[in-house]
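Below are the chains, spelled out letter by letter.
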Amino acid sequence: MNHPHPFALNGASSTAPALPDEIEQISTRNLALARYKRNHDLMNEVFAQAAFGEKNKPPQPSPYSIFNKAELESKTAKLQAELESLKRKVAERQQQRGTGQDVTMDSGVLTT
């Protein structure tokens, strides 16, 4: 869409900049009117899609509806058990080595 230059006088092209003398001759009212028309045209382009869209669309399904809650809980429980098993193995290895001096992270606090 070709919008007129806000400082362009009647008949002046929108690509040619107005001369300083011509800008002084433009009244505040004409300048405000040109800006209003330009902004109205721009807003009309933006909101035209919203006016013609589908108004009574059925609601979208939840994005989580593809997951089975029971299946997720069983997988979580399995992973928690595996994590506990790995923690026990690490503790056993540390006891076998007799070091116990490894730096670990338990509940956000560094321990040695």
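Residues numbered from 1 in each chain as written. Predicted model: local features only at pLDDT ≥ 70, side-chain atom pairs only at ≥ 80, totals over all residues. Heavy atoms only, no water.

1. Digging into the overall build of the protein
Consideration 1: When its secondary structure is counted, the protein shows three helices and two strands.
Consideration 2: Element order for the protein, N to C, with α for helix and β for strand: α-α-α-β-β.
Consideration 3: Looking at the 112 residues of the protein, the share that counts as buried comes to 4%.
Consideration 4: Relative to all contacts within the protein whose residues are 6 or more apart in sequence, the contacts with residues 24 or more apart total 38%.
Consideration 5: With the model as given, the accessible surface of the protein reaches about 10400 Å², and the carbon-plus-sulfur share is 56%. (Helix = DSSP H or I, 4+ residues; strand = E, 2+ residues; numbered from the N terminus. Buried < 20%, exposed > 50% of the residue type's maximum accessible area, 1.4 Å probe, protein only. Contact = heavy atoms within 4.5 Å. Areas by Shrake-Rupley, 256 points an atom, 1.4 Å probe, with all protein chains shown as cover.)

2. Examining helix H3 (residues 69-97)
Consideration 1: If you check H3, its first and last C-alpha atoms are 42 Å apart, about what 29 residues at 1.5 Å a residue would give, namely 42 Å.
Consideration 2: Of the residues that open H3, the one with a side-chain oxygen 3.3 Å from the backbone nitrogen of Ala70 is Asn68.
Consideration 3: Looking one or two residues beyond H3, the residue adopting positive phi is Gly98, at roughly 80°. (Expected span 1.5 Å × (residues − 1). Polar contact = N/O pair within 3.5 Å; in protein donor to acceptor, adjacent residues only side chain to side chain.)

3. Side note on a nonpolar patch on the surface
Consideration 1: On the surface, a nonpolar cluster with roughly 500 Å² of combined accessible area is contributed by Tyr64, Ile66, Phe67 and Leu72.
Consideration 2: Counting through the fold element by element, Leu72 comes out in helix H3. (Patch = residues over 30% accessible without salt bridge, like charges linked within 9 Å, V, L, I, M, F, W, Y side chains within 5 Å. Salt bridge = Lys/Arg side-chain N within 4 Å of Asp/Glu carboxyl O.)

Geometry only, nothing functional implied.
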